[in-house]
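# Secondary and tertiary structure notes
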Amino acid sequence: MPPSGPARTRAYWILALIVALALAMRVASAGRMLPELREPDAFEVYEMQRVQQDPALVKGVNFDERYPWLLAWTLAGLPAAHPPATVSATDAEELHLAAAARPFLRVRLAVVLLATLQVLLVFFLARRFLPEPWALVACFLVATSLLQLLFATQARPHGAHAGLALLALIAALQLVERFSLARLALAALASCAAIATFQMGFSTLPPLFVACLFAQGQSLKGRVLCAIIAPLAAILLALLWYTNKPYIDASGIHLASAAGGGHTLFFQGMDFLGALRAARLLFEHDPLLALSAGAGLALLLARARGAWKCADASRRRALLVACAFALPYTLVLTIQGEVYERFLVPLLPFAALLGAGFLAWVWSWRPVRAPVAVAFLALPAVSALQYVRLALVPDSFEQAADWIRHNVDHEAHIALLPDNSLPLLYSREAVQEQMQDRAARNIPWVTYQATIPALPPGTPTWDVRCVPITVTPPSAGPNEGLMRNWLSEERVDYLVVEYSQRMWRKPIIPSLERAASDMGELVFRSSGSPPGLVDVGTMEFQGIHDFAWRQIRQGALGPQLRIWKLNRR
């Protein structure tokens, strides 16, 4: 029997506290590295800006074929972020930085709300299979998951989809308990919302189908009819938000246009190694959750036959619906080795459910209760809070910008690597030159500054320009002489270098820094103890090795930045 009275009230108060903590951590982290860093795959922001006809939209980025646009088109109804009408010279930089960040922050906060919905709904999923105290533990495991925290605060649809997908699953579980037209409509609309937010939302169709098929309170003919109509209606309605529909051809299953950069499950790449990569990614982000979930899965398999026999009909139906989501989704991840960590977010509730089940089993061992509780609950919470702390302190780009404000003359020529920007106001001449370079036109802070009509007299600006993409193309090999000549011809006074894998995989970049070291001296190195060159993925958003361990040893977000002062003769 489920608890009632004071026990149920206490559980809801604890649930509210966990969700409030999760929301606070995610809101606090949402503004990190904006607008100085070009966020990967921020296509929801770009589509929102396109609909709003925002002149600050980046140029030359193919984004209209990536995702369905329910989230972007909904947010496009809000006012666009235009440059402030009137500012003073002392406030100009701060106000313009905030305005440039606002479109990205708007999408991130919308994703935060929907991703936090996943944290809340984990409780209502888990209590169908676990006692309420352990359902709260499952909720806490998702709330403190670094993987969930990372993708809940990005301007991508993955975190939003995770919340909507779990909402669709809960609605399907409600439907299978008792059929009604209202519950059927809610389940179909929730599935539609998940599909219209992200292509992986199609994973909500199997549980909707199973729920319709086994719903209580309806005839067999009615259940079969609903199992056909409801998923079909969800698909047709969701397609209204698609400008580029998924398709299958001889090469594989395309979630979006292959020419537009959409993700593809290639038939020739189906090596069935995805589960191994997924397990490693989960462990690198949430090691204790991964370990407890693995142990919980082993425990579940060992007890599965007996548990199934002892379960009543309602619990069996709930298990069928839940498995209709988790098993097909896991199978899709398994068949191909090209798995990214963001694909795992919708499975976190199931990992947490397994982990909580394992902890409930261990809790019966009195001698190990305290250390297990500390290890599996307190340590992830500390790691999550450490990430929030890092999001609130100056990142490496802000550190470099602050050093320039206090140490560099406004007339000095500052050069950046392509795809970099600093949270400084650039001179009008520097902005105009950067807008001629196709790499710089893709940087939101640069394109925003091009929309500023005029700055108040006396506003501090800096002559910051990117090294042209024509000088450092990805195909160029090492050429220190060429880099030395370019630095001399362009009369560069300071060179800002990003020390990261994404830059150093271009062979010409190390030559540029070696040339700078021959011509001058290192005057600034950002603090924060970032990991080594090989360990840095695509910035702070994906491809991050040993992510959980990084939270302990790094002191700031962002790659290491170095500033070289060149001695021009």
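Now for a description of the structure that goes with this document.

## Description of the environment of F376
Position of F376 among the secondary structure elements: in helix α15 (residues 369–392). You can call F376 buried: its relative accessible area is 14%. Each C-alpha atom of the pair F376 and L291 lies 9.4 Å from the other, and the pair is 85 residues apart in sequence. When near neighbours in sequence (up to four residues on either side) are disregarded, F376 contacts L141, L288, S292 and L359.

## Topic: the packing of aromatic side chains
Scanning the entire structure with this criterion turns up 20 aromatic pairs. Each ring, one from F325 and one from Y329, has its centre 5.8 Å from the other, and the planes form 20°; the classification is stacked. Residue F325 and its partner Y329 are located together in helix α13 (residues 313–334), separated by four residues, close to a single helical turn. According to the relative accessible area criterion, F325 is buried, its value standing at 2%. Look at Y329 and you get buried, because its relative accessible area is 3%.

## Section: unusual backbone geometry
The omega torsion of the bond from L34 to P35 falls at -5°, within 30 degrees of zero and hence cis. Take P35: it is sitting in the loop between α1 (6–29) and α2 (43–52). For D41, which is not a glycine, the phi torsion comes out positive at approximately 60°. Examined against the element boundaries, D41 turns out to sit in the loop between α1 and α2. Taking the relative accessible area as the measure of exposure, D41 reaches 23% and is therefore partly exposed.

## Some thoughts on the pattern of salt bridges
For the structure shown, the criterion picks out 16 salt bridges. Between R50 and E47 there is a salt bridge whose closest N-O contact spans 2.8 Å. Of this pair, R50 and E47 both sit in helix α2, three residues apart, which is roughly one turn of the helix. Residue R484 is joined to D518 by a salt bridge in which the shortest nitrogen-to-oxygen separation is 3.1 Å. Linking R484 in helix α19 (residues 480–489) with D518 in helix α21 (residues 508–519), this pair joins segments that are 34 residues apart in sequence. Owing to a relative accessible area of 29%, R484 belongs among the partly exposed residues under this scheme. Within this structure, E480, R484, R514 and D518 form a network of salt bridges that share partners.

## Some thoughts on the nonpolar core
Core analysis: the biggest nonpolar cluster contains 158 residues, and Y46, L125, I404, L422 and Y426 have the highest contact counts within it. Residue contributions to this core peak at 15 residues, all from helix α4 (residues 92–126). Aside from chain neighbours lying at most four places away, what touches Y426 is L416, S421, V431, Q434, W445, V446, Q449, T461, W462 and V464. Of all hydrophobic cores here, the second largest spans 21 residues; its members include A415, L417, M503 and W504.

## Describing the sheet that holds strand β1 (residues 247–248)
The three strands lie next to each other as β1-β2-β3, forming an open sheet whose pairing is antiparallel. Both edges of this open sheet fall to β1 and β3 (264–266), since each of them pairs with a single strand only. As defined by bridge partners, β1 adjoins strand β2 (residues 252–254) across two bridges and the pair is classed as antiparallel. The partner of Y247 across the bridge, within β2, is H254.

## Points about the pairing of strand β4 (residues 413–416)
Here β4 shows a buried face lined by H413 and A415 and a second buried face lined by I414 and L416. Sheet topology note: the β4/strand β5 (residues 463–466) ladder contains four bridges and is parallel. The partner of H413 across the bridge, within β5, is D463. Pairing between β4 and strand β6 (residues 494–499): three bridges, direction parallel. Within the sheet, the bridge partner assigned to L416 lies in β6 and is V496.

## Regarding the packing of helix α7 (residues 158–177) against helix α9 (residues 205–214)
Contact pair α7 / α9: the axes reach a minimum separation of 8 Å and the direction vectors enclose 10°. Comparing their axes, α9 and α7 come out roughly parallel. For the pair α7 and α9, the contacting residues are L169, A172, L175 and V176 in the first and P207, L208, A211, C212 and F214 in the second. Looking at the contact of α7 with α9 residue by residue, the class counts come to nine nonpolar, no polar and no charged.

## Details of the packing of α9 against helix α10 (residues 220–238)
The geometry of a pair of packed helices is captured by two quantities: the angle between their axes and the separation between those axes. The interhelical angle for the contact between α9 and α10, taken along N-to-C directions, is 155°, at an axis separation of 7 Å. On the basis of their axis angle, the class for α9 and α10 is roughly antiparallel. Considering the relative orientation of α9 and α10, their crossing is right-handed. Residues L205, L208, F209, C212, L213 and F214 of α9 pack against R223, V224, C226, A227, A230, P231, A234 and I235 of α10. Grouping the amino acids of the contact of α9 with α10 by side-chain chemistry returns 13 nonpolar, no polar and one charged.

## Brief notes about the side chain of S292
Counting through the fold element by element, S292 comes out in helix α12 (residues 287–310). Not counting residues up to four positions away in its chain, the partners in contact with S292 are L354, G355, F358 and F376.

## Topic: the environment of H161
Mapped onto the elements of the fold, H161 is located in helix α7. A C-alpha to C-alpha distance of 8.4 Å links H161 and A193, two positions 32 residues apart in sequence. Excluding anything up to four places from it in sequence, H161 contacts A194, T197, F198, M200, G201, S203 and P346.

## Brief notes about the sheet that holds β6
Here five strands make up an open sheet; going across it, the order is β5-β4-β6-β8-β7 and the pairing mixed. Sheet topology places β5 and β7 (520–525) at the edges, where each strand pairs with a single neighbour. Put simply, the sheet's adjacent strands are angled 25° from each other on average, direction ignored. Sheet topology places β7 next to strand β8 (residues 560–566); five bridges connect them, and they run antiparallel.

## Concerning α7
With 20 residues, α7 extends 29 Å from end C-alpha to end C-alpha; this agrees with the ideal 28 Å at 1.5 Å per step. In terms of burial, α7 is largely enclosed, as 17 of its 20 residues are buried.

## Observations concerning the pairing of β6
Burial analysis of β6 places five of its six residues in the buried class, which makes it a mostly covered element. For β6 and β8, the ladder comprises six bridges, and the chain directions are antiparallel. Looking at β8, one finds that Y494 is bridged to K565.

Parameters at a glance
- Residues numbered from 1 in each chain as written.
- Predicted model: local features only at pLDDT ≥ 70, side-chain atom pairs only at ≥ 80, totals over all residues.
- Heavy atoms only, no water.
- Helix = DSSP H or I, 4+ residues; strand = E, 2+ residues; numbered from the N terminus.
- Buried < 20%, exposed > 50% of the residue type's maximum accessible area, 1.4 Å probe, protein only.
- Contact = heavy atoms within 4.5 Å.
- Phe/Tyr/Trp six-rings, centres within 6.5 Å; stacked < 30°, edge-to-face > 60°.
- Salt bridge = Lys/Arg side-chain N within 4 Å of Asp/Glu carboxyl O.
- Core = buried A, V, L, I, M, F, W, Y, C linked by side-chain atoms within 4.5 Å.
- Pairing = 2+ DSSP bridges.
- Axes fitted to C-alpha atoms, helices over the stretch in contact; angles between N-to-C directions.
- Parallel < 35°, antiparallel > 145°, perpendicular 65-115°, else oblique.
- Nonpolar A, V, L, I, M, F, W, Y, C, P; charged D, E, K, R; others polar.
- Left-handed = near helix turned anticlockwise from the far one by under 90°.
- Expected span 1.5 Å × (residues − 1).

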